[in-house]
Amino acid sequence: MNLLIKNGFVYDPINEINGEIMDIAIRNDKIVESVPERTSKIIDASGLTVFPGGVDIHTHIAGGEVNTGRLVRPEDHEKDFVRKTAITRSGVGYSIPSTFTTGYRYSRMGYTTVMNPSMACLEAKHTHEELNDIPMLDKATYPLLGDWWLVLENIAKGDLEACARYVAWMLEITKGYAIKIVNPGGLESWGFGRNVHSIDDQVPNFGITPREIMCGLAKVNKMLNLPHTIHLHTNNLGIPGNYATTLETMKCLESIPSDGKPVVHITHLQFSSFAGEDWGSFRSGAGEIAKYINNHDHVTFDMGQIVFTDTTTMTADGPFEYTLYQLSGHKWVNTDIETETSGGIIPFHYKRKNPVNAIQWSIGLELALMTKNPWKVFMTTDHPNAGPFTAYPKILAWLASKKARMATFKRLHKKAQKKSLLPSIDRELSLYDIAIVTRSGQAKALDLKEKGHLGVGADADVAIFNLNPEEVDIANKYKTFRRAFSNAAYTIKAGKVLVKDGEILQQSDGKTIWLDLQTSKEIEISEEIKRKFREYWTVEYENYPVSDHYIKHSSPLTIKADV
Amino acid sequence: MIVLTPFKKSQYPIIAQCINPDVFQEKSKEEIGNLPVWIGNKKRRLVDLFKVEKNSANSTSITINGDVTQVRRIGWGMTQGEIVVNGNVGMHLGKKMSGGKIVVNGNAEGWAGSEMKGGLIEIKGDAGDYLGSPYRGSTVGMRKGKIVVDGNVGSDAAVFMKSGTIRIRGNAGPFIGFRMTGGVIHIEKNAGTRLGACMIGGKIVVSGRLENIMPTFAIERLKGKVKIEPGDKAVGPFYVFLGDLAENGRGKLFVSKEKNPQLSQYERFL
Amino acid sequence: MSKIDAVTCPVCGCLCDDIELTIADGVVAQVKNGCAMCEAKFFSHNNDHRLKTPLIRKDGKLVPSTYDKAIRKSAEILAKANYPILYGWSSTDCEAQRVGVELAEEVGGVLDNTAVVCHGPSILSVQEVGIPTCTLGQIRHRADLLIYWGCNPWSAHPRHLERYTAFTEGRFKGSEWKSYINKVKAAAGRKKLRSLERIGVLKHKPEQVAPTVSDNKPPAILNKKGRKLIVVDVRKSMTAEMADYFLQVKPGKDYELIQAMRALVRDQELDVEEVAGVPVEYLQQLVDAMISCQFGIIFFGMGLTQSPSKFRNIDVAISLIRDLNMRTKFAIMPMRGHFNVTGANTVFTWQSGYPYAVDFSLGYPRYNPGETTVVDVLLRQESDAGLVIASDPASNFPRKAVEHLVKKPLIVIDPHMNATSLVGDVVLPSEIVGIEKEGTAYRMDHVPLPLKKVVDPPKGLLSDEEILRRILKEVRKIKSKKLEAA
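Residues numbered from 1 in each chain as written. Chains lettered and ligands numbered in written order. Predicted model: local features only at pLDDT ≥ 70, side-chain atom pairs only at ≥ 80, totals over all residues. Heavy atoms only, no water.

Explain the overall build of chain A to me, using residue names and the numbers behind them.
From N to C terminus, chain A includes 18 helices and 26 strands. For 563 residues, the compact-globule formula gives about 24 Å, and the C-alpha radius of gyration of chain A, at 22 Å, lands near that figure. If you line up chain A on its principal axes, its C-alpha atoms span 65 × 55 × 50 Å. Counting all 563 residues of chain A, 69% fall into the buried class. About 17,900 Å² of surface is accessible on chain A, with carbon and sulfur atoms providing 48% of the total. (Helix = DSSP H or I, 4+ residues; strand = E, 2+ residues; numbered from the N terminus. Rg over C-alpha atoms; globule rule 2.2 N^0.38 Å. Buried < 20%, exposed > 50% of the residue type's maximum accessible area, 1.4 Å probe, protein only. Areas by Shrake-Rupley, 256 points an atom, 1.4 Å probe, with all protein chains shown as cover.)

Put into structure tokens, the structure is as follows:
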């Protein structure tokens, strides 16, 4: 089927198109040079803003941890429910929506591709089963590899080659997309209730440091030619003064050879940019971090922007969640996964009048606005950790409008207002910048070549918003802008019109993207490894992999590795 | 005043959130009759299940004549006005209400006054479980207001209670005042087991018998009278216990000395 | 004759996946590695009592019919119902459960699984206080203090000890199997003697008076290094025979006991000398052992969830674990019964947000145990139709609930005839999941495992998933016809 989107204001930063009035032609599920107008379905986009479909680099939407989060929060669902319609399934929200609702809500905001950033390998089947039940979106997921015993042992031995082969094997059998590292060394230590407190602390029983794990896996990432960099949740996350750890972390990865490309993606950087000695003297470390990132090109990051609301925090960083539990006394879930990782969940209410939360809010925006190059910054809330993804339009307004920021700023705790750098920041992101931080930059960082742009050959994923950039100054009329980005005029995915004026027109399954890694030498599964498997895990080797039937619409990306 | 009379007793649960003075306000009889209700999995109008009558012009009170045990969510979130039920009433009566008054001349099912924020509920008969307690997983208990039950009360009343008053003229089941942090509960007859378990603050007064006291409560003193509300005191003497120690709590249990000779062993600590 | 390795056993929540089967002539001929329950299950597919055709009740009698007719009839019952219940789900695969949620949503019914009569209370307390837990391998590698509370894995989860806990060899913690062997032998010997006495070979000696709890002082071993096994129960089970310490608690007094332990963990002084029949002094020693371990775990069973005060028992047990984590590392885990009850909770949760007792009657998921579980609905006699799959409520629900279930039209889907199918109005036989059909199940610690198809099902039989799909399709057909007519 052909589709022609006519006369929209097109923003396509990868192809350096900045608000030109253009037509976008679609044949089946791809963007093409042109289609015959007579036989095509026409969408009149005159006076509307046309973006590539949104890409989210980091959002917890599926898997064991997310689902346990759903399970422990009936009171969160009770207040936000969705009735079944003739087209769509029913569901519940708010901070951790059920699978179908997740898909619908993303699609309504013009998103078409999302990355689930935290998958325990042992429970990978669960993640994929849930991804199958999230319609409207293309998806991929990152396995947690930073505290996996076979990684720790091989890096400690200095055998990166072997480590790389194990990582390749794991990425493939879990159908993963990138190497996720969470509090390296800390999660293994948490197995006995301890943690690491600097990148040079020894990990108990393994004779290795977080620095070695990060550098080792960054090199492995390179050896395997993975499309994305290592995806890193830093040590000491969520602890006052941790910006120093974050700086050291970035410094220790400077030396990884990179051909000018990024080496590390630091995720939800807001939580890793805290200065001060304790919660009392808590302040922003965003200035120092942004300064470093402005001078170095090996780092990209996403914001992890705080939204003032009742949400649910969930991360593989078990010790951090325990700290939150001690602070809040709220219900606390901890799940340690044998030989691999851990995880924790705490419901959390971010409040404007709480000085720490208010400063956190400021940190996220400071980071994004003080980093000069928008291609290094991606807008996320680390859904649902700093807030549900449905708050994205609000955050975009804060980024694009000083007026919007200051409206919220005025209502913050006074102490936070005094400490914030925001009043001195005048930068306002343009629609072009917004397109970068919400899709193009993210697609580029993930090296998803057919996503995040509208050039010929790209996937026909398009978001059209009811916003006339010639008439509306988004910095001034931020509410109009926010409304437009809350409910897309059209969301088109793989050439199908899924959403019109914020209403779901049809339900459509997305693809699951995973890496089909071609190593020069296949990893040998010797009896030795099978024996080790039995020792390390409580499941049989044969039952561990995610077999093909666990993926409804499989979309493997073939990568040739150097090992 | 609106008078509702159910046509018959329903087998299926009826969800009728609309029976609420705030919703009925300034609506005509026809408009009220057209309000949506659910019976089982079918959507109906109020007028399909009730005879709707309106007398006198602009009073915000609602009277229900008849048994509405299966009708749930009556007075959900009401802020003012009055509901009188002449008969038994279903679950979630006056849930999240913040003002106004509900009188039940009969029994109430579970979750009456759940997550209540203000107002008054009077139940002339018995009340079910979870009286004034929050929804599953929520820690937001009763925050204000008053509940009076003339009959007996089931289990788990006043869970996570923060403030307000609950008066139980009859007996109470187990786990009353579980995890409460404030407010006052007066049980005029006998109390069930695990009274005040995990409480951190607030007070529970038992004028009748308390079979077992949790081992994690410590006796503090004897007291002659205890204040329930301004101008209302319960007369003792009472043993005063402090707990729950498992939560480092400072909640107070007042247990009648006269009705509970089995607790005299605690006197040696005084 | 062929051999199949690494088969997952579809019986209990242990979900052992190391079963080796020998298949001869399309029949399971030999089962290796499995326990007695596992063997029985794998041999059951070839059972003579296997139902092979659908049945429909006519004039009070169940008579053979076809799938088409039975499915049509089922769809009519469900499409017409004002408040149907859809119950069971714990002994089928996640694939069928997914269709089940969709069907429940389509017919506006109450969807519930067997958790309601076993670990539903545990879930309620997890929703109030959370749960610090882990996967089973974590225990194998790290745990040095194992506590089984109100459960008897020796008979209900026979391989739990050998695969995951006391008898396993972990990276940081060694197996204690040698010391247990003697205890097992001694216990078995005692049993033998008793049975000899019963049949009169030996002269009956008066039973030794069981030691009262106050005689049962915690042994010194609790303070030593290495793995320790503690059992807490109201009576001495076989697992307790092997334990380093057996703590007998007065029936129904678990709550007080654990709450007192919590106060002791917080260094509070108690005004009482004993709690639940246990001297506070002993309790203090037990608490000290818990605090000084490196990694402790409590496994709890129905002894805790189904005794008086139910979910508050779990609430307090989890709270104890939360407190203990201030001093050391401790975890807690429910001993789930049916092999895929965890899967049912998991699937229900990702699709609807709630793990069991999901009421779709308003067109969206609603959850409130006490109001929306199938047992609540049946006891209040509210439902007007029922579908039961992979479960036998007629033999384990309260009598009043069963009476109402039987009174209304009832659809039963199960591989075998059971008490519930005997009273059903439409009975649909199905393939045995994990033997005749592949699928997915979740272990008690939420680890998903593949179930294998090892033999062909009897000819013409459909799977749970397929039957549900067809019912769903029929229901939609009936509904759209009705819409057209209107």
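An account of the interface of chain C and chain A is requested, with residue identities and associated values reported.
Contact with chain C, which involves 63 residues of that partner, is made by 58 residues of chain A. For the pair chain C and chain A, the interface holds 8 salt bridges. The salt bridge partner of R98 of chain C is D133 of chain A, with a shortest N-O separation of 2.5 Å. For the pair chain C and chain A, the number of links is 44 residue pairs in polar contact (both at pLDDT 80 or more). (Contact = heavy atoms within 4.5 Å. Salt bridge = Lys/Arg side-chain N within 4 Å of Asp/Glu carboxyl O. Polar contact = N/O pair within 3.5 Å; in protein donor to acceptor, adjacent residues only side chain to side chain.)

I'd love a proper account of a positive patch on the surface, names of residues and values included.
Positive charge collects at one region of the surface, where K403, K477, K479 and R483 of chain A lie side by side. In this structure, K477 of chain A sits in the loop between β21 (462-465) and α17 (478-486). (Patch = residues over 30% accessible without salt bridge, like charges linked within 9 Å, V, L, I, M, F, W, Y side chains within 5 Å. Lys, Arg positive; Asp, Glu negative; His and termini not counted. Charge placed at Lys NZ, Arg CZ, Asp CG, Glu CD.)

Explain the nonpolar core residue by residue, including any values.
Among the nonpolar cores identified, the biggest contains 199 residues, and I19 of chain B together with I471 of chain C are the most heavily contacted of them. Here this core spans two domains, and each of domain 1 (51-118 + 339-485) and domain 2 (121-334) of chain C adds at least three residues to it. Beyond its immediate chain neighbours, meaning those up to four positions away, I19 of chain B contacts L4, F24, L46, F50, I62, I64, V71, I74, G75 and I83 of chain B. Judged by nonpolar contacts, the second largest core, of 166 residues, contains I61, M250, L399 and I504 of chain A. (Core = buried A, V, L, I, M, F, W, Y, C linked by side-chain atoms within 4.5 Å. Domains from an automatic or database assignment.)

Requested: an account of the packing of helix α10 (residues 254-265) of chain C against helix α11 (residues 280-292) of chain C, with residues and values cited.
Residues and elements named next belong to chain C. Between α10 and α11, the least distance of the axes is 10 Å, while the angle of their chain directions is 65°. Between α10 and α11 lies a crossing of right-handed hand. Together, L257, A260, M261, L264 and V265 of α10 and V280, L283, Q284, L286, V287, M290 and I291 of α11 make up the contact between the two elements. Taken together, the residues of the contact of α10 with α11 sort by class into 11 nonpolar, 1 polar and no charged. (Axes fitted to C-alpha atoms, helices over the stretch in contact; angles between N-to-C directions. Left-handed = near helix turned anticlockwise from the far one by under 90°. Nonpolar A, V, L, I, M, F, W, Y, C, P; charged D, E, K, R; others polar.)

Explain helix α14 (residues 402-409) of chain A to me, and be specific about the residues and the numbers.
Residue and element names in this part refer to chain A. Those residues of α14 lying buried are K402, A404, R405, T408 and F409. All buried residues of α14 fall inside an arc of 160° around its axis, so they share one side. In this structure, the buried residues of α14 make contact with α12 (355-370), α13 (392-400), α15 (414-419) and α17. Its side-chain oxygen 3.3 Å from the backbone nitrogen of K403, S401 forms the N-cap of α14. (Arc of directions from axis to C-beta.)

Could you give me a rundown of the pattern of salt bridges, with the residues and numbers involved?
Going through the model one piece at a time under the given rule, you end up with 82 salt bridges over all chains. Salt-bridge contacts for R73 of chain A lead to D310 of chain A; the nearest nitrogen and oxygen are separated by 3.3 Å. With R73 of chain A in the loop between α1 (64-71) and α2 (74-78) and D310 of chain A in strand β17 (residues 310-315), the pair connects residues that are 237 residues apart, well separated along the chain. We note that R73 of chain A, like D310 of chain A, is buried. Between K437 of chain C and D93 of chain C there is a salt bridge, with its nearest N and O atoms 2.6 Å apart. In this pair, K437 of chain C sits in the loop between β20 (426-429) and β21 (439-442) while D93 of chain C sits in the loop between β6 (84-88) and α3 (94-107), placing the two residues 344 residues apart along the sequence. The same class applies to K437 of chain C as to D93 of chain C, namely buried. Linked by salt bridges that have partners in common, K30, D138, E450, K451, D459, D461, K493 and K511 of chain A make up one network.

If you had to explain the side chain of D112 of chain C to someone new, which residues and values would you point to?
Residue and element names in this part refer to chain C. Within the fold, D112 resides in strand β7 (residues 110-113). As a buried residue without a salt bridge, D112 has its nearest oppositely charged side chain in R336, at a separation of 9.5 Å. One polar contact links the side chain of D112 to the main-chain amide nitrogen of A357, over a distance of 3.0 Å. Aside from chain neighbours lying at most four places away, what touches D112 is L86, Y87, G88, W89, F348, Y356, A357, T373 and V374.

These results come straight from atomic positions and should not be treated as a statement about function.
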